[in-house]
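Residues per chain are reported as follows:
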Amino acid sequence: MRRHLLEAADLDRDDATLVLDTAAQIDQALAGREVKKLPTLRGRTVVNLFYEDSTRTRISFELAAKRLSADVINFSAKGSSVSKGESLKDTALTLEAMGADAVVVRHSASGAPHRLAHWVRGSVVNAGDGTHEHPTQALLDAYTIRQRLGRLDGVRVAVVGDVLHSRVARSNVGLLHTLGAEVTLVAPPTLLPVGVGSWPAEVSYDLDAVLPKSDVVMMLRVQAERMNASFFPSAREYSRRYGLDAARMAALPDDAIVMHPGPMNRGMEIAAEVADSVRSTIVEQVANGVSTRMAVLYLLLGGNA
Ligand code: NCD
């Protein structure tokens, strides 16, 4: 493993498989235990540096570090010197002076974790940067697919919706390709990024044509907060063409699963009855996020080093 986890491309097939296998071992070690804690990272310090809103990713990283017995510092831009205009670099130097072994960073600017990696000695983990990447989300998604379907090689995954603004889509396309899955992006042309033709994925505008050929359908949130223009005529029209409702779900093969990274716009990209159905892995994804992030922190920090 490299020292940092900044994007899916930092993991080759062996690294990615090692993370998934380690997460599985952690799950096994903790299953049925009353005290869900391992002593592995005792005395190490993990800083969660969140410049952008987050619920599950932040809590998930905090829990992961705590379950490995690390000391955890949660830093959010609100209420810190960032609101006084302190730069990312000065914040990084402060963390460095305090001896952070790992910095988990979420930032609205694509590339911020890469910059940070030049300024700190510890490991940097990207917890989502702008519209760029979110590699631990891709790892927990791969873990969930493998757990449900038993494999990743040759699995057909449809990634549906607001690909343009989605760091989840970018990281998933990269990692799933590395792990041998076949990805099809499904979106209106306005919600596909320039250059998508060079991604290792097929592209389709027709959800109904893709569903019967999918083992996994991964719905993306429509990211209204990143939209400064109109990308589709109306919410209703978007739902009609690209939303996953019960009728569409019925077109999936029998053992296909439905994923969503959260937070969901229920009724927009995904109907409530689909989100709450037995095919949905949404709650499992959250649980798997903790063990996957434990595996990442453990492997980056070298455990007992
Ligand atoms: C995603 C994110 O923040 O990129 N959520 C997450 O991390 N679980 C996806 C989103 O915001 O839609």
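Located above this text is the structure these notes cover.
So, a few notes on the structure that sits alongside this text. All values reported here derive from a predicted model rather than from experimental measurement.

This paragraph deals with the site of the ligand. Taken together, Arg56, Thr57, Arg106, His134, Gln137, Arg167, Val168, Arg221, Gln223, Pro261, Gly262 and Pro263 are the residues near the ligand. Here glutamine 137 contributes a side-chain N or O atom positioned 3.5 Å from a nitrogen atom of the ligand. Here an oxygen atom of the ligand and a side-chain polar atom of arginine 221 are 2.7 Å apart. With the chains in place, 95% of the 320 Å² that the ligand exposes on its own is no longer accessible. Elements supplying a minimum of two residues to the shell around the ligand: α2 (56-67) and α6 (167-178).

What follows covers the environment of valine 168. Among the structural elements, valine 168 can be located in helix α6. Along the backbone, valine 168 and glycine 180 are twelve residues apart, and their C-alpha atoms lie at a distance of 18 Å.

Further remarks concern the pairing of strand β3 (residues 102-107). Burial of β3 is extensive: six of the six residues sit out of reach of the surface. Judged by which residues are buried, β3 turns out to be covered on both faces: Ala102, Val104 and Arg106 on one side and Val103, Val105 and His107 on the other are all buried. In this sheet, β3 lies alongside strand β1 (residues 45-50) in parallel orientation, the contact comprising five bridges. Bridge pairing links leucine 49 to valine 105 in β3. The handedness of the β3 to strand β4 (residues 123-129) crossover, carried by helix α4 (residues 112-119), is right-handed.

Two quantities define a packed helix pair, namely the angle between the axes and the distance from one axis to the other. Where helix α1 (residues 13-30) contacts helix α5 (residues 135-149), the two axes come as close as 10 Å, and the packing angle between them is 65°. Accordingly, the angle class assigned to the pair α1 and α5 is roughly perpendicular. Read as a crossing pair, α1 and α5 show a hand that is right-handed. Between α1 and α5, the residues in contact are Ala16, Thr17, Val19, Leu20, Asp21, Ala23, Ala24 and Asp27 and Leu139, Ala142, Tyr143, Arg146 and Gln147, respectively. Considered class by class, the residues forming the contact of α1 with α5 number eight nonpolar, two polar and three charged.

Taking strand neighbours across the sheet as the criterion, the five strands line up as β7-β6-β5-β8-β9 in an open arrangement whose pairing is parallel. The two strands at the open ends of the sheet, each matched to only one other strand, are β7 (202-204) and β9 (257-259). Within the sheet, the average angular offset between the axes of one strand and its neighbour, ignoring direction, is 20°. Where strand β5 (residues 156-160) lies against strand β6 (residues 182-186), five bridges are found, and the strand directions are parallel. Opposite arginine 156, over in β6, you have glutamate 182 as the bridge partner. Running at roughly 155° to β6, α6 makes contact with β5, β6 and β8 (216-219) of the sheet.

Using the criterion set out here, one finds three aromatic pairs in the structure. Relative to phenylalanine 75, the ring of tyrosine 51 lies with its centre 6.2 Å away and its plane at 55°, an arrangement referred to as tilted. Taken as a pair, tyrosine 51 in the loop between β1 and α2 and phenylalanine 75 in strand β2 (residues 71-76) lie far apart in primary sequence, 24 residues in all. The class for tyrosine 51 is buried, based on a relative accessible area of 17%. Assessed through its relative accessible area of 18%, phenylalanine 75 is described here as buried. Residues phenylalanine 232 and tyrosine 238 carry aromatic rings whose centres are separated by 4.8 Å and whose planes lie at 40° to one another, so their mutual orientation is tilted. We note that phenylalanine 232, like tyrosine 238, is buried. Grouped by ring-pair contacts, the aromatic residues Phe232, Tyr238 and Tyr242 constitute a single cluster.

Our focus in this paragraph is the sheet that holds β3. Read across the open sheet, the four strands follow the order β2-β1-β3-β4; overall the sheet is parallel. Looking at the sheet topology across the chains shown, the edges are occupied by β2 and β4. Pairs of neighbouring strands in the sheet enclose a mean axial angle of 15°, with direction left out of account. Where β1 meets β2, six bridges bridge the pair, whose relative direction is parallel. Among the inter-strand pairings, phenylalanine 50 is bridged to a residue of β2, identified as serine 76. Set on the sheet, helix α11 (residues 282-301) makes contact with β1, β3 and β4; between it and β4 the angle comes to about 150°.

Here is what the cut-offs are and how they apply
- Every chain begins its residue count from 1, and numbering advances along the sequence as written.
- In keeping with the model being predicted, local features are shown solely for residues with a pLDDT of at least 70 and side-chain atom pairs are shown and tallied solely at 80 or more, while totals for entire chains, interfaces and linings include all residues.
- Processing note: side-chain calculations cover all non-hydrogen atoms of the structure and skip hydrogens and water entirely.
- We call a residue near a molecule or strand whenever a single non-hydrogen atom of that residue lies within 4 Å of it.
- Within 3.5 Å is the distance limit for a polar contact, defined as a pair of N or O atoms, with the added protein rule that one can donate a hydrogen and the other accept it, and that residues adjacent in sequence qualify only through two side-chain atoms.
- The method behind every accessible area is Shrake-Rupley, applied with a 1.4 Å probe, and residues are considered shielded solely by the protein chains displayed.
- Think of it this way: any DSSP run of H or I at least four residues long counts as a helix, any run of E at least two long counts as a strand, and we number them from the N terminus.
- Summary of the burial criterion: residues with accessible area below 20% of their type's maximum are buried, those above 50% are exposed, and those between are partly exposed, where the area comes from a 1.4 Å probe applied to protein chains only.
- For two strands to be treated as a pair, DSSP must find at least two bridges joining them.
- Place the viewer so that the strands point away; then a crossover is right-handed whenever the path from the first strand over the helix to the second strand goes clockwise.
- Fitted lines through C-alpha atoms serve as axes, helices being fitted only where they are in contact, and the angles separating the N-to-C directions of these axes extend from 0 to 180 degrees.
- For classification, angles of less than 35 degrees are called roughly parallel, those exceeding 145 degrees roughly antiparallel, those between 65 and 115 degrees roughly perpendicular, and all remaining angles oblique.
- Crossings are classed by handedness, with left-handed meaning an anticlockwise turn of the near helix from the far one by less than a right angle and right-handed meaning a clockwise turn.
- Here, two residues are considered to be in contact whenever any of their heavy atoms come within 4.5 Å of each other.
- Lys, Arg, Asp and Glu make up the charged group, whereas Ala, Val, Leu, Ile, Met, Phe, Trp, Tyr, Cys and Pro make up the nonpolar group; the residues left over, Gly among them, are polar.
- Side-chain rings of Phe, Tyr and Trp, where Trp is taken by its six-membered ring, are said to pair if the distance between their centres is within 6.5 Å; with planes under 30 degrees apart they count as stacked, over 60 as edge-to-face, and otherwise as tilted.

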